[in-house]
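Coordinates in review
As a plain string of letters, each chain reads:
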Amino acid sequence: MDNVLSISEETMQRRKVVSDFMVEHIYPNERLFEHGGPEAEDLMKSLKKKTKAMGYWAPHLPEEAGGMGIGFLPYAYLNEIIGRSAYAPSVFGSQAPDSGNAEILHQYGTPEQKEKYLKPLVDGDIRSCFSMTEPAVSGADPTGLQMRATREGDEFVIQGRKWFSSGAIGAKFAIAMCVTDPEAPPHSRMSQIIVPTDTPGFKIERRVEVWGERESNHPQIHYDNVRVPVTNLLGPQGAGFKLSQKRLGPGRIHHCMRALGQAQRAFDLMCQRSLNREAFGSLLADKGIIQTWIADALVNIQAARLLTMQAALKIDSGDEARVEVSMIKFFVVNVTCDVIDKAIQVHGAMGVTSDVPLQAMYKNARTLRIADGPDEVHRMVVARRALRTYRQGGTWDFATF
Ligand SMILES: Cc1cc2nc3c(=O)[nH]c(=O)nc-3n(C[C@H](O)[C@H](O)[C@H](O)COP(=O)(O)OP(=O)(O)OC[C@H]3O[C@@H](n4cnc5c(N)ncnc54)[C@H](O)[C@@H]3O)c2cc1C
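Residues numbered from 1 in each chain as written. Predicted model: local features only at pLDDT ≥ 70, side-chain atom pairs only at ≥ 80, totals over all residues.

A count of helices and strands for the chain gives twelve helices and ten strands. At 22 Å, the chain has a C-alpha radius of gyration in line with the 21 Å of a compact globule built from 401 residues. Its C-alpha atoms give the chain principal-axis dimensions of about 80 × 65 × 40 Å. The buried share among the 401 residues of the chain stands at 43%. Taking all contacts inside the chain whose residues are at least 6 apart in sequence as the whole, residues at least 24 apart take part in 70%. (Helix = DSSP H or I, 4+ residues; strand = E, 2+ residues; numbered from the N terminus. Rg over C-alpha atoms; globule rule 2.2 N^0.38 Å. Buried ≥ 20, exposed ≤ 12 C-beta atoms within 10 Å, placed from the backbone. Contact = placed C-beta atoms within 7 Å.)

In structure tokens:
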């Protein structure tokens, strides 16, 4: 059995299989995937076939939902390796936002919804998006979201705007957060509704370029009187927040595990470069300042890993682990940003070129300080939880909280 401090033989073996696969099929093809086109698409398809044949498809899902069925912590240990390349999660069928959408459909979908949306999603035949953040109001405080879904007979009529619905271009359906019960208490106002993207009124208004990338897929969407049957409601009406908490908790751990993979890869590159580059009569590896960066990076990555594994273990035991998830969401991502930043510095000018993957890795890690809840909000969650204990006359015991 895996635990926070040790990895089982079985998981070690799986990690080796994935590592070997990354070396053989992923790293050498990253530039091809980055540039896209028919050759990249064909390769992606054939690699997906390979991971399915190997029995490594959808490692985040239980077997009955078409996944590997290994549990959350063993997946965490595997996802560290998969996360080392931004292209690998697609190859293993565990890319966001499809992974989180599949988990929520598996838990809350009706048999018809599972057949129509979950099955082809898990099989990798279609893609999806999660449509929550809106341009006009704060995404960090989703109680203020405005997009309305009004019931008319057997239909919901949806009216409003969303943006940063990642992957929406080319997606078959969106899971949209809509206000269905405006008079209810703030956390019971919203519902999640499945919206097929070919429904009349579902309009991609603009792409929204992220980091100057023209091909970004985080568009702004106008839901312009979109009509869907009431049977497209996902989970109970008014339970949108509850469901998104269920979705975002594990989803944030998925992000952190991938971020750890990125930190580890940056660390490898930093050490290798410092052993190969000389300046002022000695290797970079011999300079005190570089050794400080390497030592700090190593300690921080390991601290981040242990915190992440502890959160994954708690989720595996059925707990929502909200404080732990918030702790790792800001800590791990900041560690990752810092390690990649130092790795770029050690590479000098090469660090900001496409000769090494560091610049793309940095952009992703920096983005994660905002996406899925900004650092400040996760710090607020952790601090509020601690202060509540003190307000009630207690103290914070790190051994048992
Ligand atoms: C690349 C990318 C992909 C994304 N993908 C998706 C997606 O697929 N689906 C989706 O629905 N959303 C997605 N998002 C949106 C993301 O979740 C939101 O950007 C995030 O929740 C913040 O909301 P906001 O942008 O409206 O910022 P705001 O809510 O306006 O916050 C702005 C800033 O205010 C500060 N702030 C906010 N609250 C506090 C506080 N309590 N204390 C102190 N400071 C605070 C923070 O510094 C924060 O960064 C994505 C974002 C990015 C960048």
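With that out of the way, let us pick up the site of the ligand. Around the ligand there are 22 residues in total, and Met132, Ser138, Gly139, Ala140 and Ser166 lie nearest to it. The set of elements that each furnish at least two residues to the shell around the ligand consists of β1 (128-131) and α12 (375-391). With three residues, the top contributor of residues to the shell around the ligand is α12. Looking at the shell around the ligand residue by residue, the class counts come to eleven nonpolar, nine polar and two charged. (Near = placed C-beta within 6 Å. Nonpolar A, V, L, I, M, F, W, Y, C, P; charged D, E, K, R; others polar.)

Structurally, Phe202 is set in strand β6 (residues 202-206). Counting along the chain gives 23 residues from Phe202 to Asn225, while the straight-line C-alpha distance between them is 8.3 Å. What Phe202 contacts, discounting residues up to four positions off in sequence, is Val195, Thr197, Ile221, Tyr223 and Val226.

The relative placement of two packed helices comes down to the angle between their axes together with the axis-to-axis distance. Contact pair helix α8 (residues 240-274) / helix α9 (residues 288-316): the axes reach a minimum separation of 10 Å and the direction vectors enclose 160 degrees. If you check the angle between α8 and α9, you find them roughly antiparallel. Two packed elements cross with a definite hand, and for α8 against α9 that hand is left-handed. Contact residues: Gly249, Pro250, Ile253, Cys256, Met257, Leu260, Ala263, Gln264, Phe267, Met270, Cys271 and Ser274 in α8; Ile290, Ile294, Ala297, Leu298, Ile301, Ala304, Arg305, Thr308, Ala311, Ala312 and Ile315 in α9. Per-class residue counts for the contact of α8 with α9 are 18 nonpolar, four polar and one charged. (Axes fitted to C-alpha atoms, helices over the stretch in contact; angles between N-to-C directions. Parallel < 35°, antiparallel > 145°, perpendicular 65-115°, else oblique. Left-handed = near helix turned anticlockwise from the far one by under 90°.)

Further remarks concern the packing of helix α6 (residues 98-108) against helix α7 (residues 111-122). It is the contact of α6 with α7, at a shortest axis distance of 10 Å, that shows an interaxial angle of 150 degrees. On the basis of the axis angle, α6 is roughly antiparallel to α7. Along this stretch, α6 crosses α7, giving a crossing that reads as left-handed. Along the contact surface, α6 presents Asp98, Asn101, Ala102, Leu105 and His106, while α7 presents Gln113, Lys114, Tyr117, Leu118, Leu121 and Val122. The residue inventory of the contact of α6 with α7, partitioned by class, reads six nonpolar, three polar and two charged.

This part covers the domain arrangement of the chain. When the domains of the chain are assigned, the result is domain 1 (9-95), domain 2 (128-234) and domain 3 (242-391). On a C-alpha basis, the centroid separation for the pair domain 1 and domain 2 is 29 Å. (Domains from an automatic or database assignment.)

Bringing the environment of Gly351 into the picture now. Take Gly351: it is sitting in the loop between α10 (322-346) and α11 (358-367). Separated by eleven residues in the primary sequence, Gly351 and Ile340 have C-alpha atoms spaced 9.6 Å apart. Excluding anything up to four places from it in sequence, Gly351 contacts Ala343, Ile344, Gln345, Val356 and Leu358.

With respect to the element layout, Asp198 can be found in the loop between β5 (190-196) and β6. In this structure the C-alpha to C-alpha distance between Asp198 and Lys172, which are 26 residues apart in sequence, comes to 7.5 Å.

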